[in-house]
Structures are given as structure tokens and as C-alpha cells.
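What follows is the residue order along each chain.
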Amino acid sequence: MLRTEGLNVFYDELQALIEVSIEVHAEDLLVIIGSNGAGKTTLLRTISGLLRPREGKIFFQGEAIEEEPTDRICMRGIVQVPEGRKLFPQMTVRENLEMGAYLSTARGTLADRFQGVFQIFSVLEERLKQFAGTLSGGEQQMLAIGRALMAGPRLLMLDEPTLGLSPKVASEIYAILAKLHQGGMSLLLVSQDVLQALRIASRAYVIENGRVIMENSGQELLRNPKVKEAYLGI
Amino acid sequence: MQGRQLLVKIRPPLNMLNPIVILQSIVSGLLMGGIFALFGVGFSLTWGVMKVINIAHAAFGIMASYIAYWGLTLYGIDPVLSLCLSLPLLFVTGLLIHRFLIQPITRSRDVVVASMILTFGLAIVLENIMLFAWSPDERLITTAYSSQVIFIGDIIIKVSNLIGFILSLMGILAIYLFLYRTCTGKAVRATWQDPEGAALQGINLRRVSMITFGIAIASAGAGGVAMAYMYSFNPPVHNLWLIFLFLVVIVGGVGSVIGSAIAGLMIGLITGLSGAFFPMQWVNVLLFGLLMGILLIKPEGLFKK
């Protein structure tokens, strides 16, 4: 579905990604783990078109997309829930969700998409007229995911969706992601919450210092001694 | 005796106690505030959404004043009707200026400073075009109804001023409805609040910026025609309006349409009221003293959430 080939990404002269090649299959729940500054967020930002690779290719459903602007990539069905959520704080929950369905392809079925989101996050229906900036952290994260779902994504990318949330809310979010995956959605999840993320992953990559150093199924990586030592402290 | 002299010194001027003068000043101030508000809303839009401080904003307004003046004196077209020509013209001009002048500078490290320098140059160009086309003489729009007045009790309202005010309110309402009721308008607000978040929803930031600039310039045109109903104008007068635009936007909060509208009316009201009791130079001292105070206490603006 999505394939990157030898991505080299720089911030000025600082290289953030070195020859990164990953592949997301249809109906995958692919997890990328790594420590702070490993390049996970940079990878998602590059796929979304917010950063341009100096070298390398990104293919989505067989077509090269590395030169395309973010709105065009979004139109293809690659939707990202960014780190820090990036909600529109002075717009209501309804308006935030509407913005998720901004693209004309999504607009036709607005009512159905609203219902789809409310089935997953019923709390959002109760908060429709509330400003996004006044929601709790957990509710904001639900809104961020709900907003992405409004676009009807083919590939949903999530960057640290449980960062700063209580363990209870984080578990709820992971349960919802697992449910979306079971429903046939393709997901690419970046997380530092290694244990929870690998538990629901169908496959996973480990990135360190801008390079992919490991790839395996989620369960296999959970059993890997290096992963256990470096990320789980066992 | 000394006490009596003191009483005489602190006694307010007679007109300060006259309720009719006060009411008349309030009405005049609000009518003037409507123009401040409409000019301010457009100025605030480009500043908030695009980080572009358009120094030429008021100059576009004066350009529309001249189009209205020309329409009236050459062809007898009512200034309100001239908006049918000047608004689309200014909207398209805004789109073109964005495409060929503003867009290239959005890549610069400091868009605010770059935009100020660029639009400062643009304002000079516009001013000189107007000087060439219409000379530096002051113009005044004089319609058949210019001298007509309405009496509400003892309050006198000039019909032309009322039309200018209604025009301003309609302009603000149109911008409000665009921003809060249309999909593109909501995208403009989203872009202002978080450009990257907006891009990740598939919003084309370049297109949104272009439309915003076009609307802001067109709104300046409506403000210019509204202004021409009330005041005389000449090409350099845009500089004076520009100072008030900064005042409105800083008081109302950058990017806040409702804030700018309220601030515009408020500043008009203060100007009108204080103008009735103090010489004009003291009114400006009061207004800009207020600005400094707001910058010190609430630098994000009074109405910014």
C-alpha cells in the first residue's frame, strides 16, 4: 500500500533519516518504535508532505508521491493525526470534525461520517458545540482521531496518540485503534509506548538514529531481548 | 474666595453636561467606528491568517473611494452601485497581488517584516498612481441625498453618514457569514489557528491565503466607499487611516474578526465622545495612550480568547 525507498531527510545539514525503507501493507497495523529524536515523527511528516526528502522515493498504491503537496497527499487518503493533535482550539468540536471532511470527496457523506465517528467516540456528540480548546486531553485526542476519520482515510497515520494521557485513557485509545484495525483499516502508528503499541501491532519497525534497525511482527519484537532491554527496561 | 476659584477651575465645560451633545457625540462616534471596524476586520484577516501586515490596506480603500467618486461625477452612478464594479475589481487585484507579490515572500524567514516592507512600497505606488490620476486635491462625494438629515429627537444624523455606516455593517456581516457559515471560510479560520493542522486536513494553504487576501482587499474597498460618504479624501490620507487600523487590530486582537469589529466601534465611540470635549490633538493622545496601556496589560488584544 505504502512503500518508502531509501529516504534521506535533512534539517538544514543535520540528517534526520538515513536510507529509511519501510512498507505498509493493506489492512496492516504497522508500528514504528524508537527513542526520542530517532526520526519517527520526521518519517510521518515526510510521508505527509510536510518535509521533502533530499533522496528516496515514497510510493502509495504504486504511485510516487514524494513531490506532492500535503493537501494532495491527503486527497489520496493518507491522513495523519499529528503529535500534539493540532486541533483548531477556537473552533467547536463540530467545526473541527467538518474540517476533517474538508476535501470535496468526503463532503458528500458528511452525516454518515459524523455518525461513524460518534459510534466510536460518543463523548464527541455530547461536546459538539464546545470549543476544542476547552476539552480535556483525552477528549482532544479523541477529537483528533475523529477528525482524521472524517476524511475516510485509506491509511491512518498516528504520531504519539497517547502522549501525556492517563494510562486509562491511553488504554482506551489503543483499544479503539485495535478495533479500527480489525474493521479493515490500515494504520501506521508511531509510539514510545512500546508495550501497548507492539501488543496491537501486526508488524513493527525499530528506528534508531534515523535508521531502521529492526523489523518483525509485534509479538516477535516483544520477545526480542534487545527491544526488551532498550525499550521495556526488562 | 480661593475655594470658589477652584470650583470654577474644575467645573466641566457646559457641553459636557448637555445630554444631547453627549448623545450626538455617541452617534457620530459609532458611525465613524463602523468604518474603523470594517477596515480593521480586513486588515486583521491578512495579519492573522497569513502573517502579512498589509500597509497598503487603506490605500486600496482610498482607491475604491476614487472609483466611487469617478462613477458619480462622470457617469452619475451612485457610490453604493459603484461597489458592483470596485469590489470584484479589488478582489481580483488582491488575488493577483497575492500570486505575484505576497506568495514569493512567504518563503522568507520573517514574513511579517518582509510583508511590511513590500506593502509599504505598494502603498507608495498606489498613492502615486492616485496622485497622477486624480491630483492631490481633496474630494468629497456629494450625492443628491448628501445634505439630507434624519432627526431622532434632538439627534441629527446625516443620511450619507448613515448609508456609510450601514455599508460598513453589511461588509462586516458578509465577512462574518463567510468565515463562520461557509466551508472555505472555516478553512480560513482553521489556517489562522494552526496552518500545519489545516494542511493535514487537506486544506490548500496557498488557495486559502489567496482568497483571504482577495476578500481583505475587497473589504478595504467597501470601507473606502463607506468612508467617502462621511469624509473628504485625497491620496495621502490612507496613511492616517493606517494608524487607526493598527489601533483597531491591536485593541481587538490580531485575527479576531469580532474583536476588530468591536474595537473599531469602541475606538469610534471614544474618538467621537472625546472629540466633543477636547481638542483633536488630545483625542489622539488619549487613543494612543490607550493603545500603549493595552499593549502593556493585554498585548494579545482585549477580545482575543
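Cut-offs and rules
Residues numbered from 1 in each chain as written. Chains lettered and ligands numbered in written order. Predicted model: local features only at pLDDT ≥ 70, side-chain atom pairs only at ≥ 80, totals over all residues. Heavy atoms only, no water. Bend = angle between axes of the 7 residues up to and from the residue. Helix = DSSP H or I, 4+ residues; strand = E, 2+ residues; numbered from the N terminus. Buried < 20%, exposed > 50% of the residue type's maximum accessible area, 1.4 Å probe, protein only. Contact = heavy atoms within 4.5 Å. Pairing = 2+ DSSP bridges. Axes fitted to C-alpha atoms, helices over the stretch in contact; angles between N-to-C directions. Buried area = accessible area lost by both parts, 1.4 Å probe. Salt bridge = Lys/Arg side-chain N within 4 Å of Asp/Glu carboxyl O. Polar contact = N/O pair within 3.5 Å; in protein donor to acceptor, adjacent residues only side chain to side chain.

(A) Local environment of helix α4 (residues 79–105) of chain B. All names here are of chain B. Where α4 bends most, the angle comes to about 45°, and this point is His-98. What α4 keeps buried is the set Pro-79, Ser-82, Leu-83, Ser-86, Leu-90, Gly-94, Ile-97, His-98, Ile-102, Gln-103 and Ile-105. Residues of α4 that are buried in the fold lie against α2 (19–50), α3 (57–75), α5 (111–134), α6 (159–181) and α9 (205–230).

(B) Structural context of the sheet that holds strand β10 (residues 203–208) of chain A. Residues and elements named next belong to chain A. Sheet architecture is open: 6 strands sit in the order β7-β8-β9-β4-β10-β11, paired in mixed fashion. In this open sheet, the two edge strands, each paired with only one partner strand, are β7 (78–81) and β11 (211–216). For this sheet, the mean angle separating the axes of adjacent strands, direction not counted, is 20°. Examined bridge by bridge, β10 and β11 share 5 bridges and lie antiparallel to one another. Each bridged residue has a counterpart across the sheet, and for Ala-204 the counterpart in β11 is Asn-216. Sheet strands touched by helix α8 (residues 167–182): β4 (29–33), β8 (155–159) and β9 (186–191). Its angle to β9, the strand with the most contacts, is close to 155°.

(C) View of the interface of chain A and chain B. Contact with chain A, which involves 24 residues of that partner, is made by 20 residues of chain B. Of the roughly 2100 Å² buried at the junction of chain A and chain B (both faces included), carbon and sulfur atoms supply 57%. Of all residues in chain A, Phe-88, Gln-90 and Tyr-102 of chain A bury the most surface against chain B, accounting for 30% of the area lost on that side. The tally of links from chain A across to chain B stands at 4 salt bridges. For Lys-86 of chain A, the salt bridge is made with Asp-194 of chain B, and the minimal N-O distance between the two is 3.6 Å. There are 5 residue pairs in polar contact (both at pLDDT 80 or more) connecting chain A and chain B. With 4 residues, helix α3 (residues 93–100) of chain A is the largest single contributor of residues to the side of chain A that touches chain B.

(D) Here's a closer look at the side chain of Thr-4 of chain A. Residue and element names in this part refer to chain A. Note on placement: Thr-4 falls in strand β1 (residues 2–11). Residue Thr-4 is classed as buried on the basis of its relative accessible area of 1%. Within the structure, Thr-4 has its side chain in polar contact with the backbone oxygen of Val-20 (distance 3.2 Å). With residues near it in sequence (within four places) discarded, Thr-4 still touches Val-20, Ser-21, Ile-22, Ile-47, Lys-57 and Ile-58.

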